[in-house]
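Here is how the chains run, residue by residue.
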Amino acid sequence: MRFAPFVLVAALLLAAAVRDGVDRWVAHTELPDLLVDTSVQVVDRDGNLLRAYTVDDGLWRMGSGLDAVDSGYIDMLVAYEDQRFWSHAGVDPWAVLRALGQAVWNGEVVSGGSTLTMQVARLLEDSGTGAWQGKLRQVRVALALERTLSKEEILTLYLAHAPFGGNLEGIRAATLAWFGKEPRRLTPAQAALLVALPQSPNGRRPDRHPKAATEARERVLQRAVVAGVLTEEAVSAALVTPVPNQRRAFPSLAPHMADRVVAERPEAIVHQVTLSRDLQISLEQLAVKALSGLEDRVSVAMVVADHHSGEVLASVGSAGFSGGDHRQGFVDMTQAKRSPGSTLKPLVYGLSFDQGLAHPETLITDAPVRFGAYAPQNFDGRFRGELRVREALAQSLNLPVVLLTDEIGPANLMAAMRKAGAAPEVPGGVAGLAVALGGVGLSLEELVQLYAVIPQGGMAQDLRWRSGEETSLKQRVMSRSAAWHLGDILSGIAPPKGASRNGLAYKTGTSYGYRDTWAIGFDGQHVAGVWIGRPDGTPVPGAFGAEVAAPVLFEVFQRIAPDLTPLGPPPPETLIVSTGQLPEPLRKFRGRNALFEKPEDALTVAFPPDGATLEGNNSEVILKVKNGALPFTVLANGAPVVQQSRMREMMVPLVGNGSATVTVIDAKGASDRVTFWVD
C-alpha cells in the first residue's frame, strides 16, 4: 500500500503522456483536401436545376447544405449510423466496445464501430475499411476533423461524398437520380433507402438489386422506430412503398444556353441564369411538337424575353440536343447568323416615320421600280398600286420598303441595327438596298432584341441571361411615337389560320430560297421569336414564315401567359389623323426623284399596275384610268381596241395569254401605258 501513491502518480503521468502524445499525433495530422470537385450546375432564376455536368472522373457529385436536406433524413441517418454523433469527439468508445463484444459473442464481425466522422475520413481519402492501418488512419483523421470543423460541417461533407450507387455521390445527386426531386422533402421510405445505400452502394442499387435494397431499407426503418425517429404507422406505410426500379436522367434543360454560360465562366460552380424552368420545359416540348410533319432535317429555335428588364426567360436552340440526327440538334440556332427575310421592315418604317418621310396614313405606290441593275419584286410577283403605308407594312410588300430604304440609306439602317445591340453581317461587307429584304445576317436572339425596341418606346437594351447582371445598353433607336405606330400596325395583322385574334403584334419573314422562316412578336410585357429551317442553310421548299413559324409563335405566347399584356397608349406627341388631315408633304410619299415624276394630275393608267400578273379571263381585262381629258383611245399591243370612250373604267379586249402592253391616249394627246402578263 505504501507504493500506491507512487503507482497512482505514475499512472497519471503515463496517462498524461499518452494524452499529450495523442494530442501531438492528432495535431500533426495531415488532413486530406476538403475542397474536392463538385458538379458544375446551371440553375434557373428561382434556383431550380436546369443542367448539371459530371466532374472529371465521371461522377455526379453534388453537394448540399444541411438547410436544403430533409431533417427527417438527417435524424434517421444519425439514429442508424452514429447515435452519439453530436456528442463524441470523432470516435465513439461505446460503439467500439459494442462492436468488439458482438464480434466475440458471434465469432464474426456483426457491426462496425465507425462514426460518421470516421466515414467522412474514409470517403475523403478513398481508403479501405478492413486493414487495421486503414482504421487507425481513419481514427486519426476523424479526431483531427472534429478539432477543425463543426459537427454541421462534418455532416455536410458526408452529404457531399456518400456513395449512392454507380457514379452517384452526395445526397442531392441521389435524390435527383432515384426520385427525380431535390432532397429538401423526403418520405420516410425514400429517406430510409438513402440511409441504407452508402453501406453497400452497388450491392443495394434498387434498379439492379431491388430485394437487397428493400431489405436494407426495412432494417433502417425498424431502427428508426426503436430510436423514436418514426412511428409504427409511418413505418408500416413506408414498408409497402416499392423501391425505385430505374434511375432517372439528370435534368438537361436549355443545354445550348447552359454550355454557353459555363464556357463564359469556367471557374464558377453554380451559374444562375434568368430562365424560367417551367417555361423552358414547355417550350422545349413545343419545339418537338412544332417539327411534327416536317422533314427530318428541319430544326427550330425559340427565344422569349421580358422586354422591360431584358431578361431572357426561355431559350431553345434546337428541338433536341444531339449530334446523331439529321436535324443537327447540337447547333444553337438562336446564335446562328441567317437572313431575316421581311422581319426588318418594321425598322425601316420606324426610321422613315422619324425622318419625316412617311406616316402610317401616307400614300405610297407599290409598282415596279428599278435601282440600276436592282429590280426588287414582291413575294407573289404582283403589285397593288397606291395604298397607305400601314397597309404596305401589314401586307409585307417589298417595293414600298425598298423605296423608303433608298431614302434612308442602307448605312443608316445598318447603324440602327447596331444601336439596337445587333451585330449584322453583310455579304461582301457593303450594305445595299437588299438589306431591307433580308440581305444581311442576324441571329434569332438579335432579332428578338431588335423587336424589344418597339414596345419599349424606341429604347434599346441588351438581352441578358445571367442573373444579377444589369443591362449595359440603353440608347434610343427611334422615337416613342414611331415605335407606337409600329406596334399599332403590327398588332392589327391577321393571325395565322386557327389562332385567335388576340392583338399580338408580330411580323413574319421568309428568306430568299425558303432557307429560313421567322415569326417575331411582342405584347406589353414579353417579346419572342421563332425560327424554323435547316441548320445547314439548304432550302425548305414551300415553307413560309406566315404558315410555318407564325402558328408556333402564337402558341409560345399562350404558354407564356393565358392572356396578352396590353400594349401601352400612344405618347402625347403621336399624330393620329387620316391621310387627308396630314400635312401636304406627308400625304403621299415622294422619293428623291420626285422632280422627274409625272405631275399628280397627269393621265395615269391606275389598273392594271405596270409589271403585274393577272389571272382569270384572258379575253379581256378591266382598265382604270385616272385624270386626263375625255374621250380616251386605247391601244392593245399597238392595235386600237377602244375609241372615243368617255368611261374611266372599261373592259379592254385582249387576244390570248402572255405579255400585253396597253396604251391610253386622251383628247389632248397625253398618254400613259402599262405592260403586264396575262395567265
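Residues numbered from 1 in each chain as written. Predicted model: local features only at pLDDT ≥ 70, side-chain atom pairs only at ≥ 80, totals over all residues. Heavy atoms only, no water.

Let's talk about the nonpolar core
Convention followed: Buried residues of nine kinds, namely Ala, Val, Leu, Ile, Met, Phe, Trp, Tyr and Cys, make up a nonpolar core once their side-chain atoms join them within 4.5 Å. Each residue is placed in one exposure class: buried if its accessible area under a 1.4 Å probe, protein chains only, is under 20% of its type's maximum, exposed if it is over 50%, and partly exposed if it falls in between. Counting from the N terminus, the helices are the DSSP runs of H or I reaching at least four residues and the strands are the DSSP runs of E reaching at least two. The contact rule is simple, with two residues in contact once any of their heavy atoms fall within 4.5 Å.
Judged by nonpolar contacts, the single largest core of 105 residues is most densely connected at Met 302 and Val 556. At 9 residues, the largest contribution of residues to this core is made by helix H19 (residues 545-560). The contact partners of Val 556, leaving out residues within four places of it in the chain, are Leu 283, Leu 286, Met 302, Val 304, Ala 528 and Val 530.

Concerning the sheet that holds strand S14 (residues 526-533)
The cut-off we apply is this: The rule for pairing is simple: two strands pair if DSSP sees at least two bridges between them. In this analysis an axis means a line fitted to C-alpha atoms, helices contributing only their contacting stretch, and an angle means the value between N-to-C directions, from 0 to 180 degrees.
The 5 strands lie next to each other as S7-S6-S14-S13-S12, forming an open sheet whose pairing is antiparallel. Each edge of the sheet is formed by a strand with only one pairing partner; in this case those strands are strand S7 (312-316) and strand S12 (505-510). Direction aside, the axes of adjacent strands within the sheet are offset by 10° on average. Strand direction decides the pairing type here: strand S13 (residues 516-522) and S14, joined by 7 bridges, are antiparallel. From the neighbouring strand, Thr 517 faces S14, where its bridge partner is Ile 532.

Here's the deal with the sheet that holds strand S16 (residues 613-614)
What the 5 strands build is an open sheet, ordered S16-S22-S21-S18-S19; its pairing is mixed. A single partner strand is all that each edge strand has here, and the edge strands are S16 and strand S19 (639-645). Sheet topology note: the strand S18 (residues 632-636)/strand S21 (residues 658-665) ladder contains 4 bridges and is antiparallel. When the sheet's bridge partners are listed, Val 634 is paired in S21 with Val 664.

Details of empty space enclosed by the protein
Heads up, the rule is: A cavity here means a set of points on a 1 Å grid, drawn over the protein atoms and nothing else, where a 1.4 Å probe fits but cannot get out; a pocket is an open set with protein on both sides within 12 Å along at least five of seven lines, and a residue lines either one if it has an atom within 4 Å of a point. Grid points are joined across faces, edges and corners, and a volume is the space filled by probe spheres set on the points. As a working rule, the residues Ala, Val, Leu, Ile, Met, Phe, Trp, Tyr, Cys and Pro are called nonpolar, Asp, Glu, Lys and Arg charged, and the rest polar, with Gly in that last group.
One pass over the full model with this rule turns up 2 cavities of 30 Å³ or more. Counted as a void, the largest cavity has a volume near 50 Å³. Looking at the lining of the largest cavity, the elements that each hand over two or more residues are helix H13 (345-354) and helix H17 (444-452). Looking at the lining of the largest cavity, its residues break down into 8 nonpolar, 1 polar and no charged. Here the second largest cavity is characterised by a volume of approximately 30 Å³. Forming the boundary of the second largest cavity are Ser 491, Ile 493, Pro 495, Arg 501, Asn 502, Gly 503, Leu 504 and Phe 554. For the lining of the second largest cavity, a count of residues per class yields 4 nonpolar, 3 polar and 1 charged.

A few points about the pairing of S7
For S7, the buried fraction is high: 5 of the 5 residues fall into the buried class. In the sheet, strand S6 (residues 299-306) pairs with S7 via 4 bridges, with the strands oriented antiparallel. Looking at the pairing, Ala 305 lines up with Val 312 of S7. The turn linking S6 back onto S7 is made up of 5 residues, and Gly 310 within it adopts a positive phi angle of 80°.

Brief notes about the pattern of salt bridges
Convention followed: Whenever Lys or Arg places a side-chain nitrogen within 4 Å of a carboxyl oxygen from Asp or Glu, that contact is recorded as a salt bridge.
One pass over the full model with this rule turns up 25 salt bridges. Across the salt bridge formed by Glu 573 and Arg 480, the nearest N and O atoms sit 2.9 Å from each other. Pair noted here: Glu 573 is in the loop between H19 and helix H20 (584-587) and Arg 480 is in helix H18 (residues 480-490), with a separation of 93 residues, a long-range link. For Arg 480, a relative accessible area of 41% gives the class partly exposed. Sharing partners across several salt bridges, the network here consists of Glu 361, Arg 388, Arg 390, Glu 391 and Asp 488.

So, H17
Because each turn of an α-helix spans 3.6 residues, side chains separated by three or four positions in sequence point in the same direction. The buried count for H17 comes to 9 of 9 residues, which makes it a mostly enclosed element. For H17, every residue scored as buried is listed here: Leu 444, Glu 445, Glu 446, Leu 447, Val 448, Gln 449, Leu 450, Tyr 451 and Ala 452.

Considerations on the packing of helix H12 (residues 277-290) against H19
Selection rule: In what follows, roughly perpendicular refers to angles from 65 to 115 degrees, roughly parallel to angles under 35, roughly antiparallel to angles over 145, and oblique to any angle outside these ranges. In this scheme, a crossing is called left-handed if the near helix is turned counterclockwise away from the far one by less than a right angle; it is called right-handed if the turn is clockwise.
Axis separation between H12 and H19 bottoms out at 10 Å; the angle between their running directions is 155°. Comparing the axis directions of H12 and H19 gives the class roughly antiparallel. In the crossing of H12 with H19, the sense of the turn from one axis to the other is right-handed. When H12 is examined against H19, the residues Leu 279, Ser 282, Leu 283, Gln 285, Leu 286, Lys 289 and Ala 290 are found in contact with a partner set consisting of Val 552, Glu 555, Val 556, Arg 559 and Ile 560.

A word on the side chain of Asp 366
Our working rule: In this tally Asp and Glu are treated as negative and Lys and Arg as positive; neither His nor the chain ends contributes. Polar contacts, as used here, are pairs of N or O atoms within 3.5 Å; protein pairs need one atom able to donate a hydrogen and one able to accept it. Residues neighboring in sequence count only if both atoms are side-chain atoms.
Relative to the assigned elements, Asp 366 resides in strand S8 (residues 363-366). Although Asp 366 is buried, it forms no salt bridge, and the closest oppositely charged side chain is Arg 384 at an N-O distance of 4.6 Å. Polar side-chain contacts of Asp 366 include one of 3.0 Å to the side chain of Asn 378. Apart from the residues lying within four places of it in its own chain, the contact partners of Asp 366 are Asn 378, Arg 382, Phe 383, Arg 384, Gly 385, Leu 387, Leu 397, Leu 399 and Pro 400.

What about the side chain of Gln 449?
Relative to the helices and strands, Gln 449 is located in helix H17. Looking at Gln 449, its side chain comes within polar contact range of the main-chain oxygen of Ala 420, at 2.9 Å.

Examining the packing of helix H8 (residues 188-196) against helix H9 (residues 210-226)
Look at H8 against H9: their axes get within 8 Å of each other, and the N-to-C directions meet at 105°. Of the possible angle classes, the one that applies to H8 and H9 is roughly perpendicular. On H9, the residues touching Pro 188, Ala 189, Ala 192, Leu 193, Val 195 and Ala 196 of H8 are Ala 213, Ala 216, Arg 217, Val 220 and Leu 221. A per-class count over the contact of H8 with H9 returns 10 nonpolar, no polar and 1 charged.

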